[in-house]
Every structure is written in structure tokens, then in C-alpha cells.
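# Observations on chain architecture
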Amino acid sequence: MSTNQNNDEEVDLGSLFIIIGKGFSKLFNFIGNIFKGIFHFFITLLIFLKKNIIKIGIAALIGVVIGMVLEIKAPDKFGSEMLVKPNFKSARQLYNTISYYNDLVKQKDTLGLAETFKLDKLTAASFKKFTIEPIKTENDIIDSYNDFVSSVDTTTVKSYTFEEFKNSFTDFDYNIHKINVIAEKNNVFKNLDEIIISSVVKNNYFNRVKELTNENLNRTDSLLRQNLGQIDSLRKVYMQVMIEEAQKQAGVGTNIDLGGTKTTTKELELFETNRKINTDLSDVVIDKSEKYEVVNIISNFQPIGYQIKGVTKNYAFLLAILGAGIMVLFLLFLQLSKYLKNYNS
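First, a word on what this report is: a plain description of the structure on this page. Predicted, not measured: the structure shown is a model, and the values here were computed from it.

Every other side chain in a regular strand lies on the same face of the sheet, so the side chains alternate between the two faces. For strand β3 (residues 177-183), a buried count of 7 out of 7 residues is recorded, marking the element as mostly surrounded by other parts of the structure. For strand β1 (residues 78-86) and β3, the ladder comprises 7 bridges, and the chain directions are antiparallel. Its bridge partner lying in β3, Val 84 is registered against His 177. As judged from the 7 bridges shared by strand β2 (residues 127-134) and β3, these two strands associate in the antiparallel manner. Note that in β3 the partner of Glu 133 across the bridge is Lys 178.

A few words on the packing of helix α2 (residues 91-106) against helix α8 (residues 192-201). Taken N-terminus to C-terminus, the directions of α2 and α8 make an angle of 130°; their axes are 9 Å apart at the nearest point. If you check the angle between α2 and α8, you find them oblique. For the pair α2 and α8, the crossing hand works out as right-handed. Residues Gln 93, Leu 94, Thr 97, Ile 98 and Tyr 101 of α2 pack against Ile 195, Ile 196, Ser 199 and Val 200 of α8.

On to the nonpolar core. In this structure, Phe 117, Phe 127, Phe 130, Ile 179 and Ile 196 are the most contacted members of the largest nonpolar core, which totals 31 residues. Elements represented by at least two residues in this core include exactly β1, α2, α3 (110-117), β2, β3 and α8. Here this core takes 6 residues from α2, the largest share from any one element. Aside from chain neighbours lying at most four places away, what touches Phe 130 is Ile 98, Tyr 101, Asn 102, Val 105, Leu 113, Phe 117, Asn 180 and Val 181.

It is worth spelling out the packing of α2 against α3 at this point. At their nearest, the axes of α2 and α3 sit 8 Å apart, and the two run at 140° to each other. It follows from the interaxial angle that α2 and α3 lie oblique. Between α2, through Tyr 101, Leu 104 and Val 105, and α3, the contact on the second element is made entirely by Gly 112, Leu 113, Thr 116 and Phe 117. In terms of residue class, the contact of α2 with α3 is made up of 5 nonpolar, 2 polar and no charged.

What counts as what
Each residue is numbered by its place in its chain's sequence as written, counting from 1. Under the rules for a predicted model, residues below a pLDDT of 70 receive no local features and side-chain atom pairs below 80 are neither given nor counted, while totals for whole chains, interfaces and linings still include all residues. Only hydrogens and water are set aside when side-chain values are computed; all heavy atoms of the structure are taken into account. Each residue is placed in one exposure class: buried if its accessible area under a 1.4 Å probe, protein chains only, is under 20% of its type's maximum, exposed if it is over 50%, and partly exposed if it falls in between. For helices the rule is a DSSP run of H or I covering at least 4 residues; for strands it is a run of E covering at least 2, with both sets numbered from the N terminus onward. Two strands make a pair as long as DSSP finds a minimum of two bridges between them. Angular values range over 0 to 180 degrees, each being the angle between N-to-C directions of two axes fitted as lines to C-alpha atoms, with helices fitted over their stretch in contact. Each angle is binned into one of four classes, with values under 35 degrees roughly parallel, values over 145 roughly antiparallel, values of 65 to 115 roughly perpendicular, and all other values oblique. Definitions for this section: a left-handed crossing has its near helix turned counterclockwise from the far helix by less than a right angle. A right-handed crossing has that turn clockwise. In this description, contact between two residues means that some pair of their heavy atoms is separated by no more than 4.5 Å. Nine residue types can take part in a nonpolar core, namely buried Ala, Val, Leu, Ile, Met, Phe, Trp, Tyr and Cys, and a core is a set of them joined through side-chain atoms within 4.5 Å. Amino acid classes used here: Ala, Val, Leu, Ile, Met, Phe, Trp, Tyr, Cys and Pro are nonpolar; Asp, Glu, Lys and Arg are charged; the rest, including Gly, are polar.

In short, the description is geometric, and any link to function would need to be established separately.
What follows is the structure, given as C-alpha cells:
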């Protein structure tokens, strides 16, 4: 009876090892088939390229020739950039303004551009594109999240994670934005910044918010400075008291004074308060400098634009890639048609 039980256990273990072995074998075969498939794909791709390299090369060459002709005929393009930092959530308005200017360019509304930028029609017609985009940095998101955390209660913070906040962060929420203008003339950028910014600055709502914000900042600045003056006066009083106490102790002789400890503690408290007020005052000064305008200009448009060059902007390169791509797709279509024809037969 015991011998039969041992035999059964050995059979069960043997079956288990066989099943595990087959499982590993299937796993390794699966992984091997993946590598075989990748290897087969690359070999097939190389055979296809070797077989059709001349056709693809001719198509690319035709694209290069056509691109060079277009490159010669196409006028030169110049660009200029301006960096701005909008305040009071005015970024959306700025984006709408740039989009409006770009729509005038798309519609070839030369008269509208000339009237907007106070230029002649020939110069206005040279504009080819207006764009704006944020300078994206992770610090902007982190700083905004810290401000959010400090302005709401703990329950709200727990229910709104950093990832959720980051996903809701839009292009308008970044601090600095880059405005780019492309034109066929290199000397048309000089006065664009004033006109673009004025379209936002003249908005009554933003002006009112700016005035109220600066009034509050000035009031806070004045109050903090008064507090600093009062603290300085109290520190002088405590210093005088400490000097008088020290003189009394010197006259009387050795004595234990518990009141001096309290005076020293108050002096330290005043010192800490003074430090906090100075920190707050420094923050207020920074806010005043940054929020003095609706839109702060970090860098103006360069008066003379830079010429737009580069491989990705070159018609010869782009059309060569396009020609080669079209030829590859055409050859693949022929092979597919041939395969379907043989499959039906």
C-alpha cells in the first residue's frame, strides 16, 4: 500500500516537471519566434530596398530637382521673436490677438494688416506668419501647484493630486511666452511689439485689475515699512531697558535677575518678527516690479530679422523625402496587388 502511494507521488511529480518543462519550452519558442520575426522583417526590408533602390533614388532625385527650382524661385524669409510675461491672466487675450493677426495673413488682408501696424501695403504684404507659444518649464507647474496648495484647505489638496493639477495646466498658465513673426522682408519688425502689446494693455478690464493690484501692493508696502519702524523703536526701548538693568546690577553687586531673561526673549521675538517682515517686504517689492504692467516685455523683436534656413525648411530636402516616400508606397501597392492576384488564382 505504501509502495503504491510512493509510486503515485513520483508519477505526479514527474508529470508536474514535464508540464513545467513544456511551459518553459513554449515560452522560449515564443521569444525565439519574436526575434525571428524581427530578423525576417529587416531581411525582407533590405531585399526590398536592394531590389528597388534605383527606382527610389530616381524618385528622390526628381524631388531634389523640383525642390531646388522652388527654392530658387521662392523669396527669402526672415523671422524675429519677442518674449513676454503676461499678468492678470491676460495670456488668453494675447493668444487671441496673435491668432487674429495670423488670420489676416491667411486671408491676405493686406489693408487690415497695414491699418493695424501702421505700414504701407507693400510692407504689410510681406508678413507670412504670426505665432505664439509658451516657454514650457516644469518649474512653472511646480510653483503654480505650491501657490494652489497654500491657498486652499487640506481637504481640497488631498482630493486634487499634483498629476491632476499638471494635466489641467494649459499653455496659458505658463509664465513666459514667445511671439514669432515671419516675413519676406528683414526690416519690418521694429515697431511690432508696441502695437501687439497695446492691444492687450488697452483692455479696460486688465487695466482695472492692474490698478487695484498695484494699489493693494503699495498699501501693503507702506504698512510693512511702518511695522518695521515700530519694531525698530521697540528694539531701542528694550536695549535701553537692558542697559539700565545691567547698570543697576553693577551698582548693587552680584544678584540673580529673572526679569532680564524675559527682556532677552522679547528681543529675540522682535528680531524674528523683523526678519519675517523684511521677507514679506522683499516679496511685495518683487510683485510690484513684475505686476507694474499688464504684459512685461522680457525681450523685444530684433529690428533686423534672422534668415530662416535649415534642412527641414529646405524644399529640395523635403521633396526628396516626399518623392522617395511616394515611390515606396507605390511599389508596396504593386506588390500587394500582385499578392492578391496570386491569392485569388
